[in-house]
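Inside the fold
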Amino acid sequence: MQYHEFDGIQLSQLGMGAMRLPQTEPGFAKPIDEPKAMELIDCCISHGVNYFDTAYIYHMGQSEVLLGKALKRYPRDSFCVADKFNVQAEPDHEKQFARQLERLQMDRIDFYLLHGVTDKLISDYLDHGTPEYFREQKRLGKIRYFGFSFHGSPDALRQMLARGPWDFVQIQLNYYDWFHGTAREQYEILREHGIPIMVMEPAHGGMLADLPEAGRDLLLTAKPGAAAASWAFRFLRTLPGIAVVLSGMSELGQVKDNIQTFSDDKLLSEEEISLVRQVSDVLHGLYAVPCTGCRYCCADCPRQLDIPFLLAAFNEYKTGGEKDLSSWRLARLGALPEDKRPSACIGCGACTAHCPQGLDVPAYMKEMASFL
């Protein structure tokens, strides 16, 4: 396992994200499959992974519970836990923080973040005593390092940094967003300020791990047998200043592949970086909606639509060339109950308000309803 020195701590460059733990059955809010999740965590620890990331809202709060139960079996100083305060889920920061410590069965949280800061949420996070409270918890030893995770514009990032100090910042960073988004600009802003970077969505919600044929063929020709996800991770490892790359691993095979990628010091060459840019261009032309499947949009949907599922079908349809409206790409939508189809969307915009990408979900729902 490759490590990054952070304030004297050796952090594994690969971190385990606990947002997509295995479940007993597919679907939103289904129970975590505890034996399988334990197996993933044990495998990570046995191969040197020592950074585990969770949040108050992941798996309806059960991610924190499961992670605390799993890590309690190991010496407390052998791992680091990252957790997050979500102002939309529970505005009372004192109440939420106390509940998190209880769920985790811990007396401190190593890396604590304000969760999912966007342009619209800056005031909610900064103007009600929240940063001051958590900095006091840091002084008291209940938090070791304090930062924030960010899904906003570069200008909003500058606003946040001006209200520091911050020990680290977590951003969405992958080669698709580097070439076709604002990730590069955000990265450069953080580097200018000398702030360590934690990376989320390194494979863009799985898009860079499960490439369409055109993108997959480009990489297989250059490096037969290499997993597509390994290209995404190796791209990030070429960038200085990145402390930890999080991966939301839900299967043992993913864990083993990622551990292998982070067990050597092989970085992408200039030619290989040019190649992933070509793949990024292919994806940009294919995918209509850059949804990462984080599910933040689901909790407040008044119709309880499975929005990531619907958007994934939308992308499959778009990727297929829109040639056959009755194709299998739309069949799974037609099989849904009427009150769970895109046509059930009432256009309230609650989903967009919670979307880290700021996606106009109602517009996509309306378009899907029109072609079904």
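The text that follows walks through the structure, step by step, so that each part is easy to find. As the structure is a computational prediction, the values presented were derived from the model and not from experiment.

Procedures and definitions
Throughout this description, residue numbers start from 1 for each chain and increase along the sequence as written. Since the coordinates come from a predicted model, pLDDT governs what is reported: local features require at least 70, and pairs of side-chain atoms require 80 or more to be given and counted, while whole-chain, interface and lining totals use all residues. Each side-chain value is derived from all of the structure's non-hydrogen atoms; neither hydrogens nor water enter the calculation. Numbering of helices and strands starts at the N terminus; helices are DSSP runs of H or I of at least 4 residues and strands are runs of E of at least 2. The size measure is the radius of gyration over C-alpha atoms, and the globule rule it meets is 2.2 Å times the number of residues to the 0.38 power. The buried label goes to any residue with under 20% of its type's maximum accessible area, the exposed label to any with over 50%, and the partly exposed label to all in between, with areas taken from a 1.4 Å probe on protein chains only. Contact criterion: two residues are considered in contact whenever any of their non-hydrogen atoms come within 4.5 Å of each other. Reported accessibility uses the Shrake-Rupley method at a 1.4 Å probe radius. Residues are deemed covered only where the shown protein chains occlude them. We call two strands paired when DSSP finds no fewer than two bridges between them. All axes here are fitted lines through C-alpha atoms, helices being fitted over the stretch that makes contact, and every angle between N-to-C directions spans 0 to 180 degrees. The term nonpolar core refers to a set of buried residues drawn from Ala, Val, Leu, Ile, Met, Phe, Trp, Tyr and Cys, joined through side-chain atoms within 4.5 Å. As used here, the arc is the angular range of directions from the helix axis to the C-beta atoms.

Secondary structure summary: the chain contains 16 helices and ten strands in total. Expected size for 372 residues packed as a compact globule is a radius of gyration near 21 Å; at 20 Å, the chain falls within 12% of this value. In terms of its C-alpha atoms, the chain occupies a principal-axis envelope of roughly 60 × 45 × 45 Å. When the 372 residues of the chain are sorted by exposure, 51% land in the buried category. A sequence separation of at least 24 residues applies to 74% of the contacts in the chain between residues at least 6 apart. Taken as a whole, the chain presents about 16300 Å² of accessible surface, with 49% of it coming from carbon and sulfur.

What follows concerns the sheet that holds strand 9 (residues 197-200). Reading around the circumference, 3-4-5-6-7-8-9-10 is the order of the eight strands in this closed barrel, with parallel pairing throughout. Direction aside, the axes of adjacent strands within the sheet are offset by 30 degrees on average. Here helix 6 (residues 154-162) sits on the sheet in contact with strand 6 (109-117), strand 7 (143-150) and strand 8 (168-172), set at roughly 160 degrees to strand 7.

It is worth spelling out the pairing of strand 10 (residues 242-247) at this point. With respect to burial, strand 10 is a largely interior element, six of its six residues being buried. Here strand 3 (residues 14-17) runs beside strand 10; their pairing, made up of three bridges, is parallel. Counted as the bridge partner of Met 16 is Ser 247 from strand 10. Bridging between strand 9 and strand 10 involves three bridges; their strand directions are parallel. Across the sheet, residue Val 199 finds its bridge partner in strand 10, namely Val 245.

What follows covers the nonpolar core. Among the nonpolar cores identified, the biggest contains 83 residues, and Leu 114, Phe 148, Leu 173 and Tyr 175 are the most heavily contacted of them. Looking at this core, the element that brings in the most residues is helix 10 (residues 228-237), giving seven residues. Excluding residues that lie within four positions of it along the chain, Leu 114 makes contacts with Phe 85, Tyr 125, Leu 126, Thr 130, Phe 134, Phe 146, Gly 147, Phe 148, Ser 149, Met 160 and Trp 166. Counting 21 residues, the second largest nonpolar core, distinct from the first, contains Cys 301, Ala 344, Met 365 and Met 368.

Moving on, we get to helix 8 (residues 183-192). Within the sequence span of helix 8, burial applies to Ala 183, Gln 186, Tyr 187, Ile 189 and Leu 190. Along the long axis of helix 8, the arc covered by the buried residues comes to 160 degrees, so they all point the same way. In this fold, the buried residues of helix 8 make contact with strand 7, helix 6, strand 8, helix 7 (175-180), strand 9 and strand 10. Gly 194 lies just past helix 8 and shows a positive phi near 70 degrees.

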